[in-house]
Amino acid sequence: MILVDPPNAPGHGRLWSHVASDASFEELHAFARGLGIPERGFDRDHYDVPAEWYEMVVASGAAPVSSRELVARLVAAGLRRRKRGG
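Fair warning: this is a prediction, and the values are worked out from it, not measured in the lab.

Colleague: Give a detailed account of the pairing of strand β3 (residues 14–21), specifying residues and quantitative values.
Modeller: With six of eight residues buried, β3 is to be regarded as a mostly interior element. In the sheet, strand β1 (residues 2–4) pairs with β3 via three bridges, with the strands oriented antiparallel. Bridge assignment links valine 4 to a residue of β3, and that residue is valine 19. The pairing of strand β2 (residues 9–11) with β3 spans three bridges and is antiparallel. Its bridge partner being in β3, alanine 9 is matched across the sheet by tryptophan 16.

As structure tokens, this is what we get:
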């Protein structure tokens, strides 16, 4: 299932949502391509999308979830890729 969290991550003067899949990276990349989300938006295990894309992502079939639930579902699916180092 494709998931999206609320646009609450600040960066570059705007707020961002995260789009992820709890099934596979193939599902995630196909969804992103279908919406025209740039490949450069992919960050380890999710795509970053600006706040103004949130409604379109939900309308296209992504399930709105909290940021905490999005991460928990990635972990449970074995798809979480954490940043290296500290």
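Colleague: Tell me about the pattern of salt bridges, and please be specific about residues and values.
Modeller: Applying the stated criterion across every chain yields a total of five salt bridges. Of the charged contacts in the structure, one is a salt bridge between aspartate 43 and arginine 44, with a shortest N-O distance of 2.9 Å. Among the salt bridges present, the one from glutamate 69 reaches arginine 73, with a minimum N-O distance of 2.8 Å. Here arginine 73 and glutamate 69 lie together in helix α3 (residues 67–77), a separation of four residues that amounts to about one turn. Of the residues examined, arginine 73 reaches a relative accessible area of 23% and is grouped as partly exposed. Overlapping salt bridges, with partners in common, bring together Asp22, Glu69 and Arg73 in one network.

The rules we used
- Residues numbered from 1 in each chain as written.
- Predicted model: local features only at pLDDT ≥ 70, side-chain atom pairs only at ≥ 80, totals over all residues.
- Heavy atoms only, no water.
- Buried < 20%, exposed > 50% of the residue type's maximum accessible area, 1.4 Å probe, protein only.
- Helix = DSSP H or I, 4+ residues; strand = E, 2+ residues; numbered from the N terminus.
- Pairing = 2+ DSSP bridges.
- Salt bridge = Lys/Arg side-chain N within 4 Å of Asp/Glu carboxyl O.

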